[in-house]
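Geometric and topological summary
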Amino acid sequence: MEHDPAETAPEPEAPETFVVGDVHGHRAELVAALHTRGLVDPDGHWTGGPRHLWFLGDFVDRGPDGIGVIELVMTLAAQAAEAGGQVQTLLGNHEILLLGMHKFGDEEVPSDFGPRSFARSWEMNGGLRSDQDALTDAHVAWLTSRPVVALVGDDLLMHSDTTEYLFWGEDIETVNTTVSDILHSDDIVEWWELWRRMTTRYAFRGPAGEAAVDELLAAYGGTMVIHGHSVIADALGVPPALIDGPYEYAGGKALGIDAGLFVGGPCLITKIPWESTLWADEED
């Protein structure tokens, strides 16, 4: 009886996967950090081969070249696909703000809580006129086709450290479809609710933090939530420049990767699945 080599062939190794948090217009720092990981060359061209790279949103505002960051990521996505790799993107709250400003400007949002508009919030949250001026229909079409939640292996990826995603659906597909429908609508109230809920944070901190993570994991799957949005230095009470890695918390079920690039922190490129160090002292 002949031996079938396919029966004993080893499983192909999964490609290395990396995640990136909030870039906020700092294109040069992003390219340098990706180059250090071997994912791009010094000019920002993909060299990662079959590896996967996920961006968790907030490309724009507060930094010099948000649209340049978006264009870089769009280009890397095409180059990675040609090389057998992947570059994927989630939307952050600042993309919602950028798009809302572009679409609605200073139109007042109906509210019982006083004057509200995307223009006002955009100005208050580091919006740059240069980003709005450079925004094209192609950028808008690309951004509005991005998801807001993804499950990669056992890692649940999202931008914001909030449970508000559950407002849009009890499974990932429903959440992303609901958000997409909002972004392709002209309903300023729904747009505002999307922006407002995406700006909430800190749901995974404190005594109830682990339970909040568990609620999301039970609905969407995975064993760890990985997010940006909230600056690690703020949680630790240290200067951003001292941050040298992600922030693992909520009983090892949450990983914050926003090191505060726009306030002097590093651009973290984090390999996942994350190898926990939370219980290392207990195991020694």
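Before reading further, recall that the structure is shown in the block above.
Quick word on helix α3 (residues 66-82)
- With 17 residues, α3 extends 25 Å between its outermost C-alpha atoms, agreeing within 8% with the 24 Å of an ideal straight helix rising 1.5 Å per residue.
- Within α3, burial applies to G66, I67, G68, V69, I70, L72, V73, L76 and A80.
- Taken together, the buried residues of α3 touch α2 (27-36), β2 (52-55), β3 (86-89), α4 (93-104), α6 (129-134) and α7 (137-143).
- Note on α3: the residue one or two positions beyond its end, G84, has a positive phi of about 85 degrees.

What to know about the sheet that holds strand β7 (residues 247-249)
- What the five strands build is an open sheet, ordered β4-β5-β6-β8-β7; its pairing is mixed. The open sheet has two edge strands with one neighbour each: β4 (149-152) and β7. Strand-to-strand twist across the sheet, computed as the mean angle between neighbouring axes with direction ignored, equals 20 degrees.
- Of the strand pairs in this sheet, β4 and strand β5 (residues 155-158) are connected by four bridges, and their pairing is antiparallel.

Regarding the sheet that holds strand β9 (residues 269-272)
- Judged by pairing direction, the sheet is mixed, and its four strands sit side by side in the order β3-β2-β1-β9 without closing on themselves. Single-partner strands in this sheet number two, and they are β3 and β9. Between one strand axis and the next, the sheet turns by 25 degrees as a mean value, whatever way the strands run.
- Here β2 pairs with β3 via four bridges, running parallel. Directly across from F55, in β3, lies its bridge partner T89.

Details of helix α9 (residues 188-199)
- For α9, which comprises twelve residues, the first-to-last C-alpha distance of 16 Å matches the rise-based estimate of 16 Å (1.5 Å per residue) to within 8%.
- Contacts made by the buried residues of α9 are with α4, α5 (118-124) and α8 (172-183).
- Capping the start of α9 is the job of one residue whose side-chain oxygen sits 3.0 Å from the backbone nitrogen of V189: D187.

Concerning the pattern of salt bridges
- Tallying each qualifying case throughout the model produces nine salt bridges.
- A salt bridge links D133 to R129; its shortest N-O distance comes to 3.8 Å. Residue D133 and its partner R129 are both found in helix α6; the two are separated by four residues, about one turn of the helix.
- On the accessibility criterion, D133 (57% relative accessible area) is exposed.
- Between E210 and K253 there is a salt bridge, and its shortest N-O distance comes to 3.0 Å. With E210 in helix α10 (residues 209-220) and K253 in the loop between β7 and β8 (254-256), the pair connects residues that are 43 residues apart, well separated along the chain.
- For K253, a relative accessible area of 22% puts it in the partly exposed group.
- Within this structure, E164, E193, R196 and R197 form a network of salt bridges that share partners.

Notes on the pairing of β3
- Residues of β3 alternate between two faces, with V87 and T89 buried on one and Q86 and Q88 left unburied on the opposite face.
- For the segment spanning β2, α3 and β3, crossover handedness is right-handed.

Structural notes on the pairing of β5
- Because side chains alternate across β5, one face comprises the buried residues D155 and L157, and the other comprises L156 and M158, equally buried.
- Hairpin connection between β4 and β5: a loop of two residues separates the two successive antiparallel strands, and G153 in this loop has a positive phi of roughly 65 degrees.
- For β5 and strand β6 (residues 224-227), the ladder comprises three bridges, and the chain directions are parallel. Looking at the pairing, L156 lines up with V225 of β6.

Quick notes on the packing of α8 against α9
- The contact between α8 and α9 brings their axes to 9 Å, and the two run at 130 degrees. By the angle between their directions, the pair α8 and α9 is classed as oblique. The two elements α8 and α9 cross, and the hand of that crossing is left-handed. Within the contact between the two elements, α8 uses V179, I182 and L183 and α9 uses E190, W191 and L194.

The rules we used
Residues numbered from 1 in each chain as written. Predicted model: local features only at pLDDT ≥ 70, side-chain atom pairs only at ≥ 80, totals over all residues. Heavy atoms only, no water. Helix = DSSP H or I, 4+ residues; strand = E, 2+ residues; numbered from the N terminus. Expected span 1.5 Å × (residues − 1). Buried < 20%, exposed > 50% of the residue type's maximum accessible area, 1.4 Å probe, protein only. Contact = heavy atoms within 4.5 Å. Pairing = 2+ DSSP bridges. Axes fitted to C-alpha atoms, helices over the stretch in contact; angles between N-to-C directions. Polar contact = N/O pair within 3.5 Å; in protein donor to acceptor, adjacent residues only side chain to side chain. Salt bridge = Lys/Arg side-chain N within 4 Å of Asp/Glu carboxyl O. Right-handed = clockwise from strand over helix to strand, strands pointing away. Parallel < 35°, antiparallel > 145°, perpendicular 65-115°, else oblique. Left-handed = near helix turned anticlockwise from the far one by under 90°.

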